[in-house]
Amino acid sequence: MESSLPPGLHLSAKSPTTNDSSQQRQPRPTWTQHCGVYRSIDPSKAWVPSPQVYPSHPPNSSDGQQGMPPDFLLDLTFRKPRSGVEVQSLGSSEGSSSSSSVREPFQLVSVVSPPHPNGSEPTRKRKSTVRRLAGKMRSLGLSIRTDPALANPPPEQDAIPLATSATSSVGRKSSTKVQPHEWKEWGYWARPLVSGFYAHNSSSPTDYPLQHIDDSDMTVEEVLRSLTSPDGTQHPERWKLGMTHPSLPPRPTRWSPPNPTRPLPFPWEVQLNPLLGHVLFGTPRLEWDIKEDITAASLATIPREDGTHEAALLLSDPDLAQPATYPFLTHMYVNALAEDSSPQFAWPFMVLNPHGIKIRDIINSVHDNFQECVREREYYGWTMARRREAARAHRKRCDPQEHPHKAMAGDLEVNDDMRRIDYLGNRTVFRGLAPNPDMTGWVLYLGQD
């Protein structure tokens, strides 16, 4: 028996209509801004940078364009106020403002909304709870005393000074957040798609030595013409380093070469590549089971509205050549495994690249670390529950019925030793990196497959 509806309420059997113009103007997936598909280089045409998916206009701006949605991040550094932000020190007068400095007392930061496009002033928010309570106490005749010593305590002799936004703890000048398209610009420059192959513009291991254009007698035009023989054979070994041409993507100026004479920034002072950032829930940007090598790393497939998924897109050479951080790091110490029952991560590892760590270095280091064999003393140091879980993971990893394609290709070791990857059980899906809360390195996050 159907339930009766309240008077005046009707249900329509038709699907809601959509605006054709809104469908045509629907933005592309956001991951296309920083990775994914790369255009090829045409030596006969000047290079044009890729447009941004979201224009850098504030929402409801006067030109009618919608801006990029806000990005909420946890910033663990102490910074000076940006424009449009007033900082009031604890115990200071209401109208006074002061900038953040070393060994300053705790500060209350209030964000001031930007001026409204039509010139009207935004409405003032209600007073804070503390101010309303203070006003109530004054109305009752109660006195409120503030101790100047509490508002401005003397600096401790052993206190560690905090870095300001003007210069970091190692003297570097902090910058704004790296935009998604800037990561992709590096990929375009580091691995340009020329004549059907990805050329090597940045330092990386190759099967052939690369010569610098300054050490060659050829011009840039001659090099570009020599990359493909008349019979169609490709010659990536003829590419020259350091070439500049109107048709080639320029080197992004944001990333400076690492300086070995200067100390590295702390983990909380750098910005991670979007592919490496930790995702609390939902689909991670990088879809990769660390049991597999770098060839299995792909972009996450986001479900469509109709429930289907896009085809998995493997990480290309430009994606793998992108910087892992900004600014460049030459060392990254991964010393913690999230949600691990052990009191201490047994297998910390260091990611190294003197030219600056790239996405490729992170994936290879994580995979290689967990492919090491487990020693006998390590195994017997585990709990019985951990041993049983590792034994199940080991049997599944070496079972030809579980991996028929590997067994047919001869890539499956049926009698393989137990490895560190078996310790993880079914939690082998990469879910990103994040600074260690103890400020000593990086935390590796893994999820279930």
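Position numbers for residues start from 1 in each chain and track the written sequence from start to end. Restriction of local features to residues with pLDDT of at least 70 applies here, the model being predicted, together with a cutoff of 80 or more for giving and counting side-chain atom pairs; totals for whole chains, interfaces and linings are based on all residues. In computing side-chain values, all of the structure's heavy atoms are included and hydrogens and water are not.

As a further point, take the nonpolar core. Side-chain atoms within 4.5 Å are what join buried Ala, Val, Leu, Ile, Met, Phe, Trp, Tyr and Cys residues into a set we call a nonpolar core. Each residue gets one of three labels from its accessible area relative to the maximum for its type: buried under 20%, exposed over 50%, partly exposed in between, using a 1.4 Å probe on protein chains only. Membership of the largest hydrophobic core comes to 39 residues, with the highest contact counts inside it found for Ile290, Ile362, Ile363, Phe370 and Leu444. Those elements that place two or more of their residues in this core are strand 12 (331–337), strand 13 (349–352), helix 7 (359–370), helix 11 (420–423), strand 14 (429–435) and strand 15 (442–447). The leading source of residues in this core is helix 7, at five residues. Contacts are assigned to residue pairs that have any heavy atoms within 4.5 Å of one another. Ignoring any residue separated from it by four or fewer positions in sequence, one finds Ile363 in contact with Leu286, Trp288, Ile294, Ala297, Leu315 and Leu320. Among the nonpolar cores identified, the runner-up in size contains 15 residues, and Ala199, Val220, Leu224 and Leu227 belong to it. Counting from the N terminus, the helices are DSSP H or I runs at least four residues long and the strands are E runs at least two residues long.

With that settled, consider the sheet that holds strand 15. Each pair of strands is called paired provided DSSP finds at least two bridges between the two strands. Overall, mixed pairing links the four strands, which are arranged 13-12-15-14 in an open sheet. Strand pairing shows two members of the sheet lacking a second neighbour, strand 13 and strand 14, which therefore form its edges. For this sheet, the mean angle separating the axes of adjacent strands, direction not counted, is 35°. Alignment of strand 14 against strand 15, held across five bridges, turns out to be antiparallel. By the bridge assignment, Ala434 is partnered in strand 15 with Val443. Structural elements are reduced to axes, namely lines fitted to C-alpha atoms, with helices fitted over the stretch in contact, and the angle between N-to-C directions of any two is expressed from 0 to 180 degrees.

Moving on, we come to helix 9 (residues 384–397). One fewer than the residue count of a helix, multiplied by 1.5 Å, yields its expected span. Over its 14 residues, helix 9 runs 20 Å from end to end, which matches the ideal 20 Å to within 8%, given 1.5 Å per residue. Taken as a whole, helix 9 has its buried residues at Arg386, Arg387, Ala390, Ala393, His394 and Arg397. When helix 9 is viewed along its axis, its buried side chains cluster within an angular range of 130° and face the same direction. Where the residues of helix 9 are buried, they touch helix 8 (376–379) and helix 11. The arc refers to the directions leading from the helix axis to the C-beta atoms.

Next up on the list: the confidence of the model for the protein. Chain-level pLDDT for the protein is 76 on average; 64% of the residues reach the 70-or-more range. Predictor confidence is given residue by residue as pLDDT, running from a minimum of 0 to a maximum of 100. Note that residues 9–26 has pLDDT below 50 and, in this model, two contacts with residues that lie over four places away or in other chains. Counting interchain partners and residues more than four positions distant, the pLDDT-below-50 stretch residues 155–174 has 37 contacts.

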